[in-house]
Amino acid sequence: IRAAVILAIDEDVDGRHVLLVDQYRVPFGKRCIELPAGLVGDHDASEDASLAASRELEEETGYLPGRLESLGEFFSSPGMVSESFTLFRAHDLVKTGEGGGVEGEDIHVHRVPLAGLTAQIAAWRAEGYAMDVKLLLLLGAAMIA
C-alpha cells in the first residue's frame, strides 16, 4: 500500500495555518485528526504520487497546490506493516471549494493557526478524537524543547 500525505501550510495576513482533516475511522471507532492523505494508484495503477497528492488535497480540503515538494518516502509502522507514504509539502495554495472528500467520506476540514496548534490538538484529545502519528511532524520540535 502506498499513500501520499500532504503538509499544507496556508499563509495570509492572519499568519500561517496548517490544513488538517478529520474523519471517522472504523478501527478506532471514532474520528481521527490527520494530515490530508490518500492512496496512490487507486484510480490508475501507474499514477505518480504527486498527482495523487494534488488530487487528494483538493478533494479533502478544497485547496489546490500551486506546487508540491516531495519530502521523501516514509514507512508508517515498520515493525508491523509494509505501508509507505510519500510526504509532500504543498506550496502556493488556492482555495477551489469546500473539500470534504468524495461521497461517503464525511471529511471535516480544519484550518488551524500554527501558533495555536498545540492547544488545538490538546482540545481535540480532550473531546475524544484519535490523533494520527504524522501529527508529530508538527508537534515534534515543541515536544523536545
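An account of the accompanying structure is given in this report. (Residues numbered from 1 in each chain as written. Predicted model: local features only at pLDDT ≥ 70, side-chain atom pairs only at ≥ 80, totals over all residues. Heavy atoms only, no water.)

## Quick notes on the pattern of salt bridges
No. 1: This structure, assessed with the given rule, holds ten salt bridges.
No. 2: Across the pair Glu-47 and Arg-55 runs a salt bridge, and its minimum N-O distance is 2.2 Å.
No. 3: Its relative accessible area of 12% is what places Glu-47 among the buried residues.
No. 4: The class for Arg-55 is buried, based on a relative accessible area of 18%.
No. 5: Two residues, Lys-134 and Asp-132, come together in a salt bridge whose shortest N-O distance is 3.1 Å. With respect to burial, Lys-134 and Asp-132 carry one shared label: buried.
No. 6: Taken together, the shared-partner salt bridges connect Glu-47, Arg-55, Glu-56 and Glu-59 into one network. (Salt bridge = Lys/Arg side-chain N within 4 Å of Asp/Glu carboxyl O. Buried < 20%, exposed > 50% of the residue type's maximum accessible area, 1.4 Å probe, protein only.)

## Re helix H1 (residues 49-61)
No. 1: With 13 residues, H1 extends 18 Å from end C-alpha to end C-alpha; this agrees with the ideal 18 Å at 1.5 Å per step.
No. 2: Taken together, the buried positions of H1 are Ala-49, Ala-52, Ala-53, Ser-54, Arg-55, Glu-56, Leu-57, Glu-60 and Thr-61.
No. 3: With its phi angle positive at about 80 degrees, Gly-62 sits one or two positions after the end of H1. (Helix = DSSP H or I, 4+ residues; strand = E, 2+ residues; numbered from the N terminus. Expected span 1.5 Å × (residues − 1).)

## A few points about the environment of Leu-137
No. 1: Within the fold, Leu-137 resides in helix H3 (residues 136-144).
No. 2: For Leu-137, a relative accessible area of 45% puts it in the partly exposed group.
No. 3: Sequence separation between Leu-137 and Leu-35 is 102 residues, and the spatial gap between their C-alpha atoms is 9.9 Å.
No. 4: Beyond its immediate sequence surroundings of up to four residues, Leu-137 is in contact with Leu-7, Leu-35 and Leu-87. (Contact = heavy atoms within 4.5 Å.)

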